[in-house]
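# Descriptive structure summary
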Amino acid sequence: MDKSPDAFRTISEVAEDLDLPQHVLRFWETRFKQIKPLKRGGGRRYYRPDDVDLLKGIRQLLYGEGYTIRGVQRILKEEGARFVQALGRGEESVSAPRQEAKEEAAIGEMDDFSDSSYDESPHVSSQPVLPADSLQRLQSALDELIECDRVLRSLKDLSGPAVSE
């Protein structure tokens, strides 16, 4: 049964639609204040159509355009959530001036990283925490490896039983 385009979506439906793990969506909620799903009893998340468009736009900027989390935060601040939602719907595209802003943001982030200013969490005071963009890159690499593993397993299943030597 298909839902109406105006219907709210669960985190599992949105994760499947965006081809992302649910934990990535939860992580993005901590990094992008504009993502505000409706939370019901037990903390269950329900995403409005605008929330889904925003997530699609963020995904496009991070994975399609190569922006870092900080770069996407800057776009949200400068251009607004409506612009990123329009990206998610395919109504907008990233223009040349934004590409320059992306490069400037990347240079600024390299400077931020080189000064070793780590975000220290109160529960782990003696251990530095990786910057959010580094965690995102690691998470992206892990997600890609998991997908490769899934593809290899499906190919193995198609080839039938293994031949013993």
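In this text the structure is predicted, and so the values were computed from the model without any measurement.

Reading the values: rules and limits
- All residue numbers refer to position in the chain's written sequence, counted from 1.
- Confidence filtering applies because this is a predicted model: local features only for residues at pLDDT of at least 70, side-chain atom pairs given and counted only at 80 or more, and all residues used for totals across whole chains, interfaces and linings.
- To get the side-chain values, take all heavy atoms of the structure and skip hydrogens and water.
- A pair of strands counts as paired when DSSP detects no fewer than two bridges linking them.
- Here a helix means four or more residues in a row that DSSP labels H or I, a strand means two or more in a row labelled E, and each is numbered from the N terminus.
- Contacts are residue-level and defined by heavy atoms, with any inter-residue pair within 4.5 Å sufficient.
- Between N-to-C directions, angles cover 0 to 180 degrees, with each direction set by a line fitted to C-alpha atoms, over the stretch in contact for helices.
- For a helix, the expected span equals 1.5 Å multiplied by the residue count minus one.
- The rule is simple: take the accessible area with a 1.4 Å probe, protein chains only, and divide by the maximum for that residue type; under 20% is buried, over 50% is exposed, in between is partly exposed.
- Put simply, Ala, Val, Leu, Ile, Met, Phe, Trp, Tyr, Cys and Pro go in the nonpolar bin, Asp, Glu, Lys and Arg in the charged bin, and everything else, Gly too, in the polar bin.
- A cavity here means a set of points on a 1 Å grid, drawn over the protein atoms and nothing else, where a 1.4 Å probe fits but cannot get out; a pocket is an open set with protein on both sides within 12 Å along at least five of seven lines, and a residue lines either one if it has an atom within 4 Å of a point.
- Grid points are joined across faces, edges and corners, and a volume is the space filled by probe spheres set on the points.
- Any carboxyl oxygen of Asp or Glu that lies within 4 Å of a side-chain nitrogen of Lys or Arg is treated as forming a salt bridge with it.
- Polar contacts, as counted here, are pairs of nitrogen or oxygen atoms within 3.5 Å of one another; within protein the pair requires one atom able to donate a hydrogen and one able to accept it, and residues that are adjacent in sequence qualify only if both atoms are side-chain atoms.
- In summary, the charge assignment counts Lys and Arg as positive and Asp and Glu as negative, without counting His or the chain termini.

For the rest of this paragraph, the subject is the sheet that holds strand β3 (residues 45–47). Overall, antiparallel pairing links the three strands, which are arranged β1-β3-β2 in an open sheet. At either end of the open sheet lies a strand with only one pairing partner, and these are β1 (9–10) and β2 (38–39). Relative to β3, β1 runs antiparallel, the two being bridged by two bridges. Residue R9 lies in a different strand from β3, and its bridge partner there is Y47. Against the sheet, helix α3 (residues 49–64) touches β1 and β3, its axis set at about 85° to β3.

With 27 residues, helix α7 (residues 132–158) ought to run about 39 Å at 1.5 Å a step, and its terminal C-alpha atoms sit 39 Å apart, in line with that. What α7 keeps buried is the set D133, S134, Q136, Q139 and D143.

Running from N to C, helix α4 (residues 69–79) and helix α5 (residues 81–89) cross one another at 115°; their axes reach a closest spacing of 6 Å. Residues I75, L76 and E79 of α4 form the contact with α5, whose own contacting residues are A81, F83 and V84. For the contact of α4 with α5, the per-class residue count stands at five nonpolar, no polar and one charged.

In this structure, the second largest pocket spans a volume of roughly 300 Å³. Around the second largest pocket, the lining residues are D19, L20, P21, R59, Y63, S140, D143, E144, I146, E147 and R150. Secondary-structure elements contributing two or more residues to the lining of the second largest pocket are α3 and α7. The greatest single-element share of the lining of the second largest pocket, amounting to six residues, is contributed by α7.

On inspection of all chains with the given rule, the structure shows seven salt bridges. The salt bridge partner of R48 is D51, with a shortest N-O separation of 3.1 Å. When its relative accessible area of 31% is taken as the criterion, R48 is described as partly exposed. Linked by salt bridges that have partners in common, E29, K39 and R45 make up one network.

Looking at the secondary structure, you find E29 in helix α2 (residues 22–31). Engagement of the side chain of E29 in a polar contact is seen with the side chain of R45, the distance being 2.7 Å. Here E29 is in contact with I35, P37, K39, R45 and Y47, once residues within four sequence places are set aside.

Another aspect to go through is the environment of K3. Tracing the backbone shows K3 in the segment before β1. Residue class for K3 comes out partly exposed when judged on its relative accessible area of 39%. Contact partners of K3, with chain neighbours within four places excluded, come to F8, R9 and E13.

Before going further, it helps to examine the side chain of D143. Mapped onto the secondary structure, D143 falls in helix α7. R59 provides the closest opposite charge to the buried, salt-bridge-free D143, at an N-O distance of 8.7 Å. For D143, the residues in contact, after removing those within four places along its chain, are P21, H23, V24 and Y63.

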